[in-house]
Amino acid sequence: MTATSTAASAPEQDDEPIWFPPKETLDELKKDFLLGQALSDLPSELPVSQIIEHPELFQPRELDERHIHELRRAIRVEGVLDAVTVIQVGDKAILIDGHHRRAAYMLANVTKPVPVRYFQGSLEEAVLEAGKANSKAKLSMIMSDRQNYAWRLVLLGTYSKKQVRDASGISDGQVAIMRRAMNALGEEAYNFDDWRRARDAFNKREREPLDDEQMEQWLESQANDYADRMSREFGKKLPQNTTIAARALDIYFGRRLPELVIALQEYLPEIEDDEEADF
């Protein structure tokens, strides 16, 4: 089955067109994109603020905060990182590959221009390039990221099975299942940006929502499991070295550390004032 026949088999829409953010972004960028435009006159460096992100289309995986922290440290030592990849759309440079590097530059408050390289190809090819670049990266994509990215490409409806497979790194069989799921679910397919949830709906195994008590039991079970794994890994090292533990959490959580601090407020014991303690 070709990409054209897959798109043709999708349900016809009688009312409003399906709202799918990656497709909306792709259509908007196409209005200003000129294939074969001359890139020789474009600058080889750009201010970070002028490198535009569209993660719903060009970011195949979740950002890893520890990797961003490591890149920020490299910036302090080396000044700049390897060039990020952009595609020129009108007067804008759209980021294809280098989301971790851009986040690190922002975190390090870098104001001087940083190296860029320009992708020469169509916007549809640029979407595939984003997946291929991340598959080859030092921080490789985990399987769930690969599957979610492949599912996004299937929903876009313009790529062949081979193109989806090569860009995401999943098997032909998985791509075929995703295509069947899209056709079976119809418009509902576009409600799922997560392949696992789409697969569950396709298999008619949608999970019943948990009530408050069940959710609390699940959270407690997960927390105990994490605590057991930390205990096996670190023993008493973390509780006895709180300064090191704090630095480790800063590295691990990165920009989400403030969320952890807020969540921890609930578990802090009440501290008595000095008079009551002395009494």
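Keep in mind it's a predicted model, so treat the numbers as computed, not measured.

A closer look at the environment of Lys-132
Along the chain, Lys-132 turns up in helix α6 (residues 123-136). Lys-132 sits in the partly exposed class, given a relative accessible area of 34%. Once the C-alpha coordinates of Lys-132 and Ala-167 are considered, the two residues, 35 residues apart in sequence, prove to be 4.8 Å apart. Non-local contacts of Lys-132, meaning those with residues more than four positions away in its chain, are made with Asp-166 and Ala-167.

Here we look at helix α4 (residues 65-78)
Between its terminal C-alpha atoms α4 stretches 20 Å, which fits the 20 Å expected from 14 residues at 1.5 Å a residue. For α4, the complete set of buried residues consists of Glu-65, His-67, Ile-68, His-69, Leu-71, Arg-72, Ala-74 and Ile-75. Along its buried surface, α4 packs onto α5 (99-107) and α13 (242-253). Structurally, the start of α4 carries an N-cap: the backbone nitrogen of Arg-66 is 3.0 Å from a side-chain oxygen of Asp-64. Immediately downstream of α4, the backbone of Gly-79 shows phi near 95 degrees, a positive value.

Observations concerning the pattern of salt bridges
Under the counting rule described, the total for this entry stands at 15 salt bridges. A salt bridge links Arg-117 to Glu-129; its shortest N-O distance comes to 3.8 Å. A residue pair is termed long-range when its members are at least 10 positions apart, and Arg-117 in strand β5 (residues 114-118) and Glu-129 in helix α6 qualify at 12 residues. Judged by its relative accessible area of 39%, Arg-117 falls in the partly exposed class. Where Asp-166 meets Lys-162, a salt bridge forms, and the shortest distance between an N and an O atom there is 2.7 Å. Residue Asp-166 and its partner Lys-162 are both found in helix α8 (residues 161-168); the two are separated by 4 residues, about one turn of the helix.

Examining the nonpolar core
Side chains that are nonpolar tend, in soluble globular proteins, to be buried together. Counting 38 residues, the largest nonpolar core has Phe-58, Ile-87, Leu-123, Val-127, Trp-151, Leu-153 and Leu-156 as its most contacted members. No other element matches the 7 residues that helix α7 (residues 143-156) contributes to this core. Contact partners of Leu-153, with chain neighbours within four places excluded, come to Val-127, Leu-128, Tyr-159, Val-164 and Ala-167.

So, the packing of α8 against helix α9 (residues 172-185)
Contact pair α8 / α9: the axes reach a minimum separation of 9 Å and the direction vectors enclose 120 degrees. Judged by the inter-axis angle, α8 sits oblique to α9. For α8 against α9, the interelement crossing comes out right-handed. Note on element contacts: α9 touches α8 through Asp-172, Val-175, Ala-176 and Arg-179, opposite Lys-161, Val-164 and Arg-165.

Points about the sheet that holds strand β3 (residues 84-89)
Pairing is mixed across the open sheet formed by 5 strands, whose spatial order is β1-β5-β3-β4-β2. Each end of this open sheet is capped by a strand with a single partner; those strands are β1 (45-46) and β2 (51-52). Here β1 pairs with β5 via 2 bridges, running antiparallel. By the bridge assignment, Glu-45 is partnered in β5 with Pro-115. Sheet strands touched by α5: β2, β3, β4 (92-97) and β5. Its angle to β4, the strand with the most contacts, is close to 115 degrees.

Points about α8
Three or more residues of α8 are buried, namely Val-164, Ala-167 and Ser-168. The buried residues of α8 all sit within an arc of 85 degrees when viewed along its axis, so they share a single face. Gly-169, located one to two residues past α8, shows a positive phi value of around 85 degrees.

Rules used throughout
Residues numbered from 1 in each chain as written. Predicted model: local features only at pLDDT ≥ 70, side-chain atom pairs only at ≥ 80, totals over all residues. Heavy atoms only, no water. Helix = DSSP H or I, 4+ residues; strand = E, 2+ residues; numbered from the N terminus. Buried < 20%, exposed > 50% of the residue type's maximum accessible area, 1.4 Å probe, protein only. Contact = heavy atoms within 4.5 Å. Expected span 1.5 Å × (residues − 1). Polar contact = N/O pair within 3.5 Å; in protein donor to acceptor, adjacent residues only side chain to side chain. Salt bridge = Lys/Arg side-chain N within 4 Å of Asp/Glu carboxyl O. Core = buried A, V, L, I, M, F, W, Y, C linked by side-chain atoms within 4.5 Å. Axes fitted to C-alpha atoms, helices over the stretch in contact; angles between N-to-C directions. Parallel < 35°, antiparallel > 145°, perpendicular 65-115°, else oblique. Left-handed = near helix turned anticlockwise from the far one by under 90°. Pairing = 2+ DSSP bridges. Arc of directions from axis to C-beta.

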